[in-house]
Amino acid sequence: MKEPKEIAFQSIGQPDLGYISVAQYEDLVPFEIKRVYWTYFTPNHIVRGNHAHKQLKQVIVAVSGVIDFTLEDSNGNTFEFVLDNPNKGIYVPEGYWRTIRFSHSAVLLCLASENYDEKDYIRDYSEFKHGK
Ligand code: TYD
């Protein structure tokens with residue numbers, strides 16, 4: 001199974017002018033992007049995610065704030081990422097259970113390989129771990 005990995009986006013610019021970072025198919029994004037969504041205003045005591053995807057691949061960036069992203073495979077291997085800079089991202093392959101915590105004002109940007117499909121979600125943790 002493919003493993004999640006951190007992506008280091010280039011920061012194009014300089015401190016006195018600001019920066020631009022680019023996520024482009026085949027350079028740092030290993031799938032064609034079909035959907036983009038973003039989440040915001042999540043209070044810091046809330047844990048989001050709590051699901052896995054059967055097929056969906058994602059690249060995730062904290063364009064603002066700090067996001068703690070934990071991924072677990074069905075064998076119990078865990079991967080922890082702290083997204084604390086807009087030039088940092090993670091590639092999330094299919095098949096990982098995710099739990100996500102947000103700092104105040106964090107904005108999570110997701111580039112997704114597929115359109116939204118509730119049937120692609122596994123929302124039951126024991127189904128994820130043991131199958132059905
Ligand atoms: P979900 O993926 O469960 O978000 P999180 O893991 O951050 O809590 O989605 C939350 C709700 O938004 C759920 O009712 C489905 C809906 N949704 C869409 O309608 N389209 C989308 O592209 C996404 C990502 C979610």
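Since this is a predicted model, take the numbers as computed values, not measurements. (Residues numbered from 1 in each chain as written. Predicted model: local features only at pLDDT ≥ 70, side-chain atom pairs only at ≥ 80, totals over all residues. Heavy atoms only, no water.)

**Description of the pattern of salt bridges**
As a reminder of what qualifies: For salt bridges, the criterion is a side-chain nitrogen of Lys or Arg within 4 Å of an Asp or Glu carboxyl oxygen. Think of it this way: any DSSP run of H or I at least four residues long counts as a helix, any run of E at least two long counts as a strand, and we number them from the N terminus.
A complete count under the given rule lists 6 salt bridges for this structure. Between Glu 72 and Lys 129 there is a salt bridge, with the nearest N and O atoms lying 2.8 Å from each other. One end of the pair, Glu 72, is in strand β7 (residues 67-72); the other, Lys 129, is in helix α1 (residues 125-130), with 57 residues separating them in the sequence. A salt bridge links Asp 117 to Lys 119; the nearest nitrogen and oxygen atoms lie 3.6 Å apart.

**Quick look at the nonpolar core**
Generally speaking, a soluble globular protein has its nonpolar side chains buried in company with each other. This is how the line gets drawn: Among buried residues, the Ala, Val, Leu, Ile, Met, Phe, Trp, Tyr and Cys ones that are joined through side-chain atoms within 4.5 Å form a nonpolar core. When a residue's accessible area, from a 1.4 Å probe over protein chains only, is under 20% of the maximum for its type it is buried; when over 50% it is exposed; and in between it is partly exposed.
Of all hydrophobic cores here, the largest spans 18 residues; its most connected members are Ile 60, Ile 67, Phe 69, Leu 71, Ile 90 and Leu 108. At the level of secondary structure, the elements contributing two or more residues to this core comprise β6 (58-64), β7, β8 (78-83), β9 (88-92), β10 (97-102) and β11 (107-112). In this structure, Phe 31, Val 59, Val 61 and Tyr 91 belong to the second largest nonpolar core, which totals 8 residues.

**Description of the site of the ligand**
The test is simple: Whether a residue is near a molecule or strand depends on its heavy atoms: it is near if one of them lies within 4 Å of it. In the analysis that follows, any N or O atom pair within 3.5 Å is treated as a polar contact, provided that within protein one partner can donate a hydrogen and the other can accept it, and provided that, for residues neighboring in sequence, both atoms belong to side chains. Areas reported as accessible are Shrake-Rupley estimates using a 1.4 Å probe. Residue values count occlusion only from the protein chains shown. Each residue is assigned to one of three groups, with Ala, Val, Leu, Ile, Met, Phe, Trp, Tyr, Cys and Pro labelled nonpolar, Asp, Glu, Lys and Arg labelled charged, and all others, Gly among them, labelled polar.
The ligand sits among Arg 35, Tyr 37, Arg 48, Gly 49, His 51, Tyr 116, Tyr 121 and Arg 123. At 2.9 Å from an oxygen atom of the ligand is found a side-chain nitrogen or oxygen belonging to Arg 48. Separating an oxygen atom of the ligand from a backbone N or O atom of Gly 49 is a distance of 3.1 Å. When the ligand sits alone it has 530 Å² of accessible area, and the protein chains cover 60% of it. Top contributing element to the shell around the ligand by residue count: strand β5 (residues 47-53), with 3 residues. Looking at side-chain class alone, the shell around the ligand contains 3 nonpolar, 2 polar and 3 charged residues.

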